[in-house]
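# Secondary and tertiary structure notes
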Amino acid sequence: INITLNNFWIDQYQVTNSKYQQYIDAQGVPAPEIWPGEDNHPVRGITWDQAVAYCRWLNKRLPIEAEWEAAGRGPGPGPQLYPWGNDATADGKINTLPDQDTYAVGSLTFNESAFGLFDMVGNVWEWVNDWYSEAYYQNLPSSNPVGPDSGSCRSVRGDSWFFYSGSPNAVSLG
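Below, the structure is looked at part by part. Just so it is clear, the model here is predicted, and its values are computed rather than measured. (Residues numbered from 1 in each chain as written. Predicted model: local features only at pLDDT ≥ 70, side-chain atom pairs only at ≥ 80, totals over all residues. Heavy atoms only, no water.)

## Here's the deal with the packing of aromatic side chains
Condition: In summary, the pairing rule links any two rings of Phe, Tyr or Trp, Trp by its six-membered ring, whose centres are within 6.5 Å, and it sorts them by plane angle into stacked for under 30 degrees, edge-to-face for over 60 and tilted for everything else. Starting at the N terminus, helices and strands are each numbered in turn, a helix being any DSSP run of H or I of at least four residues and a strand any DSSP run of E of at least two. Relative accessibility decides the category of a residue: with a 1.4 Å probe and only protein chains considered, values under 20% of the type maximum give buried, values over 50% give exposed, and everything between is partly exposed.
Scanning the entire structure with this criterion turns up seven aromatic pairs. The interplanar angle of 10° and the centroid separation of 5.2 Å between the aromatic rings of tyrosine 13 and phenylalanine 118 together place this pair among those described as stacked. Remark: phenylalanine 118 occurs in the loop between α3 (65-73) and β1 (125-131) and tyrosine 13 occurs in the segment before α1 (17-27); sequence separation between them is 105 residues. By relative accessible area, phenylalanine 118 is classed as buried at 10%. Judged by centre distance (5.3 Å) and plane angle (35°), the ring pair of tyrosine 20 and tyrosine 54 falls under tilted. Taken together, the residues tyrosine 20 in helix α1 and tyrosine 54 in helix α2 (residues 48-57) connect sequence positions 34 residues apart.

The following block contains the structure:
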């Protein structure tokens, strides 16, 4: 799929528990249901609405799905399937085994995209701004696709340390 995107900014690292704790303290919001207290690990267990509120607090926004994909896969033509190439399990580079937990943000140097973003695969799922629709890609706009106007659930990108959990659990900022 060839699409054109306007220039955009996206954070280099996932939001850590310590960064989210600053938001909790400043805004008086409750901690997420999953709060392990590991300062440098990614925040998890937050809803899409909580992710949006956090972004607004920082005068940022969630990326659209196409921005997240472009940042994670690298520049075209022929963007990679994963930040490190096209083999998901090359040298054990993906952390999706159910008996593993999250890892410190930015600590796996191989998990860096061509644009210098870390942990886009294998730590936690990341919310994006788009509504989810299986049919959306059939008629994808060629420029700045922002997803469907509505839906029953929001899209996530990346991969979770425990992908069977069924719960998106991170925020990536655009």
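## A look at the layout of surface pockets
If you roll a probe as big as a water molecule over the atoms, it shows you where there is empty space left. Going by this rule: Think of a 1 Å grid over just the protein atoms. A cavity is a set of points where a 1.4 Å probe fits yet cannot get out, a pocket is an open set with protein on both sides within 12 Å along at least five of seven lines, and lining residues have an atom within 4 Å of a point. Grid points are joined across faces, edges and corners, and a volume is the space filled by probe spheres set on the points. Classes in brief: Ala, Val, Leu, Ile, Met, Phe, Trp, Tyr, Cys and Pro nonpolar; Asp, Glu, Lys and Arg charged; the others, Gly included, polar.
Computed from the structure, the second largest pocket encloses a volume of approximately 240 Å³. The element best represented in the lining of the second largest pocket is α3, accounting for four residues. Of the residues that constitute the lining of the second largest pocket, the class distribution is seven nonpolar, two polar and four charged.

## Quick word on the environment of aspartate 39
This is how it is decided: Here, two residues are considered to be in contact whenever any of their heavy atoms come within 4.5 Å of each other.
Tracing the backbone through its elements, the reader meets aspartate 39 in the loop between α1 and α2. When the C-alpha positions of aspartate 39 and alanine 104 are compared, they lie 8.4 Å apart, and in sequence the two are 65 residues distant. Beyond its immediate chain neighbours, meaning those up to four positions away, aspartate 39 contacts Thr16, Asn17 and Ser18.

## Observations concerning the pattern of salt bridges
Under the convention used in this document: Salt bridges, as used here, are contacts in which a Lys or Arg side-chain nitrogen is within 4 Å of a carboxyl oxygen on Asp or Glu.
All chains considered together, the criterion is met by five salt bridges. In this structure, lysine 60 engages aspartate 11 in a salt bridge whose closest nitrogen and oxygen atoms are separated by 2.9 Å. One end of the pair, lysine 60, is in the loop between α2 and α3; the other, aspartate 11, is in the segment before α1, and 49 residues separate them in sequence. With relative accessibility at 33%, the residue lysine 60 sits in the partly exposed group. One salt bridge connects arginine 157 with glutamate 69, and the closest N-O pair in it is separated by 2.6 Å.

## Focus: the environment of asparagine 7
Secondary-structure assignment places asparagine 7 in the segment before α1. A sequence separation of 60 residues divides asparagine 7 from glutamate 67, and the C-alpha atoms of the two residues are 9.2 Å apart.

## Some details on unusual backbone geometry
Within the chain, aspartate 119 stands out as a residue other than glycine whose phi angle is a positive 65°. If you trace the backbone, aspartate 119 turns up in the loop between α3 and β1.

## Let's talk about the nonpolar core
Here is the rule we go by: As used in this record, nonpolar core signifies buried Ala, Val, Leu, Ile, Met, Phe, Trp, Tyr and Cys residues forming a set joined through side-chain atoms within 4.5 Å.
If you look at the biggest cluster of nonpolar residues, it comprises 14 residues, and the most contacted ones within it are Tyr20, Leu62 and Trp127. Those elements that provide at least two residues to this core are α1 and α2. The element contributing the most residues to this core is α2, with five residues. In contact with tyrosine 20, other than residues within four places in its own chain, are Val15, Pro32, Trp35, Val43, Ile46, Gln50 and Tyr54. If you look at the next biggest cluster of nonpolar residues, it comprises six residues, including Ile10, Ala71, Leu117 and Met120.

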